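Coordinate inspection notes
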Amino acid sequence: GIQVEQSPPDLILQEGANSTLRCNFSDSVNNLQWFHQNPWGQLINLFYIPSGTKQNGRLSATTVATERYSLLYISSSQTTDSGVYFCGKAAGNKLTFGGGTRVLVKP
Amino acid sequence: DAGITQSPRYKITETGRQVTLMCHQTWSHSYMFWYRQDLGHGLRLIYYSAAADITDKGEVPDGYVVSRSKTENFPLTLESATRSQTSVYFCASRVGGAGDTQYFGPGTRLTVL
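Here the structure is a predicted model, which means the values were calculated and not measured.

Thresholds, definitions, all that
- Residues numbered from 1 in each chain as written.
- Chains lettered and ligands numbered in written order.
- Predicted model: local features only at pLDDT ≥ 70, side-chain atom pairs only at ≥ 80, totals over all residues.
- Heavy atoms only, no water.
- Pairing = 2+ DSSP bridges.
- Helix = DSSP H or I, 4+ residues; strand = E, 2+ residues; numbered from the N terminus.
- Axes fitted to C-alpha atoms, helices over the stretch in contact; angles between N-to-C directions.
- Salt bridge = Lys/Arg side-chain N within 4 Å of Asp/Glu carboxyl O.
- Buried < 20%, exposed > 50% of the residue type's maximum accessible area, 1.4 Å probe, protein only.

Time to look at the sheet that holds strand β1 (residues 4-7) of chain B. Residues and elements named next belong to chain B. Across the sheet, which stays open at both edges, the four strands sit in the order β1-β3-β8-β7 with antiparallel pairing between neighbours. Only two strands of the sheet have a single neighbouring strand rather than two, namely β1 and β7 (64-66). Between one strand and the next, the sheet's axes are offset by a mean angle of 20 degrees, whatever the strand orientation. Pairing between β7 and strand β8 (residues 76-78): three bridges, direction antiparallel. If you follow Y64 over to β8, its bridge partner there is L78.

Now the structure itself:
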């Protein structure tokens, strides 16, 4: 089946720092999404990004489909950015999720 | 605008009991999903539904049953709960194809003793 791997598994940041999260996938991409799970468990869709680059405020994402990876950038991190970031790749109607990157932003 | 809700939010049950987790969405989204989230496994798809009366298995369907008689509801039943089904269960919905935004419910924390 599709393999989706995320790195690093854990990330500790000082508030204001920038960081990059990576998502590698084993199959060609036609649908790649990024999600954020806040410390209270709520999951929010951040980006749908099968290719190219998108930005939303301090977050941006880039997918290089030919090389089978996607990157999520967090700039000027804030404590509210803490949580777990998941990438998910679709095969048909199903999303396969990576194991997530747990981010802790310290004030 | 309630969006997507799950009930109960917390449930403790015993091995062998039947448990039903409810999921309700107010958007009339075609697609609905059930995931479980366990430490070390991330989110894994249990079942999904493309429309009323259409359901299909996901990655980990064994021990679960779903139905979808109405577009807005997608209950998940554990026919005979086992300890390995202790998990956090998330329901999700989206309008249409895989490129659409997927919206998640708040989750149900289930403990099987």
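Having seen the model, we can carry on.
Enumeration according to the criterion identifies four salt bridges over all chains in this entry. The residue R58(A) makes a salt bridge to D81(A) at a minimum N-O spacing of 2.8 Å. Residue R58(A) is found in the loop between β6 (52-56) and β7 (59-64), and its partner D81(A) is found in the loop between β8 (69-74) and β9 (83-91); the two are separated by 23 residues along the sequence. On the accessibility criterion, D81(A) (6% relative accessible area) is buried. What emerges from the salt-bridge pattern is a single network uniting R36(B), D38(B) and R44(B).

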